[in-house]
Structure formats: C-alpha cells, structure tokens
Amino acid sequence: MYNIPGQTSNTPAPSKAKVVAQVDPASAASEGATAAHTVADVLAHSQVQHVLADLEHGLVGLAPVKQRVRDIAALLVIDRLRKNRGLAAQAPSLHMCFTGNPGTGKTTVALRMAQILHRLGYVRQGHLVAVTRDDLVGQYIGHTAPKTKEVLKKAMGGVLFIDEAYYLYRPENERDYGQEAIEILLQVMENQRDDLVVILAGYKDRMDTFFSSNPGMSSRIAHHLDFPDYSVTELMQIAQQMLLELNYRFEPGDGTALEDASVAFEAYLQLRMRQPHFANARSVRNALDRARLRQASRLFAQTDKAHTAQDLSTLSAADIRASRLFATASAP
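Per-chain numbering applies: the sequence of each chain, read as written, is numbered from 1 onward. The predicted nature of this model means local features are confined to residues of pLDDT at least 70 and side-chain atom pairs, given and counted, to a pLDDT of 80 or more, with totals for whole chains, interfaces and linings taken over all residues. Side-chain calculation: all heavy atoms of the structure are included, whereas hydrogens and water are not.

1. Thoughts on helix α12 (residues 261-272)
Owing to its 3.6 residues per turn, the α-helix aligns residues three or four sequence positions apart on the same side.
1) Next: If you check α12, its first and last C-alpha atoms are 16 Å apart, about what twelve residues at 1.5 Å a residue would give, namely 16 Å.
2) Next: Whether a residue is buried, partly exposed or exposed follows from its accessible area with a 1.4 Å probe, protein chains only, as a fraction of its type maximum: under 20%, in between, or over 50%, in that order. By definition, any uninterrupted DSSP run of H or I lasting at least four residues is a helix, any uninterrupted run of E lasting at least two residues is a strand, and each is numbered from the N terminus. All of the buried residues in α12 are Ala261, Ser262, Ala264, Phe265, Tyr268, Leu269, Leu271 and Arg272. To estimate how far a helix should reach, multiply one less than its number of residues by 1.5 Å.

2. Details of the side chain of Thr99
1) Next: Relative to the assigned elements, Thr99 resides in strand β2 (residues 96-100).
2) Next: Here the side chain of Thr99 touches Asp226 through a polar contact of 3.0 Å, side chain to side chain.
3) Next: Any two residues having at least one pair of non-hydrogen atoms within 4.5 Å are treated as being in contact. Ignoring sequence-local partners within four residues, the contact set of Thr99 consists of Lys106, Gly202, Lys204, Met207, Leu225, Asp226 and Phe227. Polar contact criterion, stated in full: a pair of N or O atoms within 3.5 Å, where within protein one must be able to donate a hydrogen and the other to accept it, and residues adjacent in sequence count only if both atoms are side-chain atoms.

3. Quick word on the confidence of the model for the protein
1) Next: Confidence in the prediction of the protein, expressed as mean pLDDT, is 86, and 86% of residues score 70 or more.
2) Next: Every residue carries a pLDDT, the predictor's confidence in it, which falls somewhere between 0 and 100. Highest mean pLDDT in the protein belongs to helix α13 (residues 281-301) (97); lowest belongs to helix α1 (residues 31-35) (54).
3) Next: Considering only residues more than four positions removed or in separate chains, one finds that residues 1-15, a stretch of pLDDT under 50, has 33 contacts.

4. Brief notes about the nonpolar core
1) Next: By size, the foremost hydrophobic cluster in this structure holds 64 residues, and its most contacted members are Phe98 and Phe265.
2) Next: With residues up to four places along the chain from it excluded, the contact list for Phe265 reads Met236, Ala239, Phe250, Val284, Ala287, Leu288 and Ile320.
3) Next: Counting 31 residues, the second largest nonpolar core, distinct from the first, contains Val151, Ala165, Phe210 and Phe211. Residues enter a nonpolar core if they are buried and are Ala, Val, Leu, Ile, Met, Phe, Trp, Tyr or Cys, with the set joined through side-chain atoms within 4.5 Å.

Right, dumping it as structure tokens:
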C-alpha cells in the first residue's frame, strides 16, 4: 500500500498540478446531518441543494450530465440516511469518468461534484486538483513515483481530476513510465477511496481504448458521464453569459444598415463549428476575446472621441465579421 499522506522522501521539484478550487467553505456532514432521518434534513444541513441549483441554473445545457449528478447526489444522501439508521455498509465507489469534447464543462462539473462530496461528508476538504500526464509521469527511472505521490498527497481529502487520462498509457513506447503512475493510482483508488475521489476525463473513444487496455482501472470507475457538444443556441446563451460577466454586450441592430452583433456572432459560430479543433465553450470565449481586441483597436483609433460607457462595453457586428473566418468562407 502507498502511504501517500506521510510520503516525504525522494520528492522531485514541485508539481505544476493546479488546485482549481480551494476548500469548500460549507461545513460537511454537520452534527445535524449525521443525526438526520429525512432527505429534507440532510439537504438542509449539508446545503447540497444550493450546489445542485447552481449546477442546474448556472450551466447551459448538459441535461443528461445534470441528471446523472442529481442521481449521484441522491445516492449519497440515501447512504447518509442509511448510516444514521445503523445500516452502514461499505461506502459507495465514487471514482468517475467524464467523457466528451473540449469545452463541454467537464472541469466545471468536477468542481461542483467536489462540493457535493464535501458537503455530504465523503471527502474532508472538497478541493479539486487538476492534472495531466506531465504532472504524474517522469522522464527517467525513479522519477514517476515521487511525482505521482506528490500529486496524490496534494489531492488527498478532495478530488483529483486527470485530464486526457489516456495519455498515461503508451504501449508503443517500452521505455514509457506511465504504467508506473497507473499502478500507483490503482492502489490509492482502492485503498484510500474514503479520502480521495479520482475523476478521469478525455475523449470518449480514447477513454474506451484506455479502459480496454487497463481493466483494473475500468473496474474502479463506478460512474461514467458523457458530456454532449453544445448546440448553436446553447453556445449563444454561453456567449451572452460570458459577455454579461465581462460587462459587455452585443450591439443590437436597427433594422436597416446596422446589423445585430448577436446575429453576426451566430453566423460566426455556424462557420466555426465546421472547422477543425472546435472546442465548444472554449472556442466561444476565444472568439469573444478576439472580438474585444478588434473593438479596442476600433475605439483606440478614434483618438479625439470621448467614449461613453456604452461605447466601451459594446461589440458591433463589424467587430465580429472582421474575423478572417468570414473572408475564408466567402472565398471562391
């Protein structure tokens, strides 16, 4: 067994593993929750309903994912009630796999899941540590184990999110050390599952191949959540949310020469979705960033104008249509 919490020797340079969220401020498994005998009591003491509401109303789309998260939350609430009635048995397996294309909200849902697990008392702190292969696998003999253990030590008491997890396994390279990281993960996922939840993430087809080549890992994953791509309508809702957070808006059309900027952005999305490497919400954010850049250049050129607050917070259709994607699409 790997004693991760106490592991201190042979530690390499500090890992670049990213702590996406710090400890959830809500207390987990309060005295009232541990004595509760109704679902309403558990929800009231744990405040899980607030996380579920934030998931439901704060994220666009993802209906099947939201339903699966609600199902997992229900399982944990009922398990809490069983313990309170003296029906305690082995804790449910909570390791998960999130599959889907980039920008479909996997990390965001993982954050909410960490909060749910913490508030119901299944992890001590509720923080989420996001890593990739580079954070776990070393480049020479003896380097991988310390790197992997360091990351696990940092994630203990919370959730470890491994993005593009299939890159841990590279059978074509006999000198690759990814298998060593997998073996350490497997033991910790089994022996210390009461103090750590692991979420693997990546493209569905590649994760399926990864599991078929690593049956031990597959057997430890209890919950598989598939994240669908967003529709154009959903992507427009996401764009509007992003603009609102940044205190920007799309310029409305006037029915004549002035085109509604939101119409132009929807046309942009229709073109972009057919291009390679489209990344859903991530691509929306990148497109808005470039539109803001063009807006800034446009306003910067108007050196003698006293820009109003509305000028400074409005993206025009021209700011959108200046994308070279439109020029490429109209080319013969």
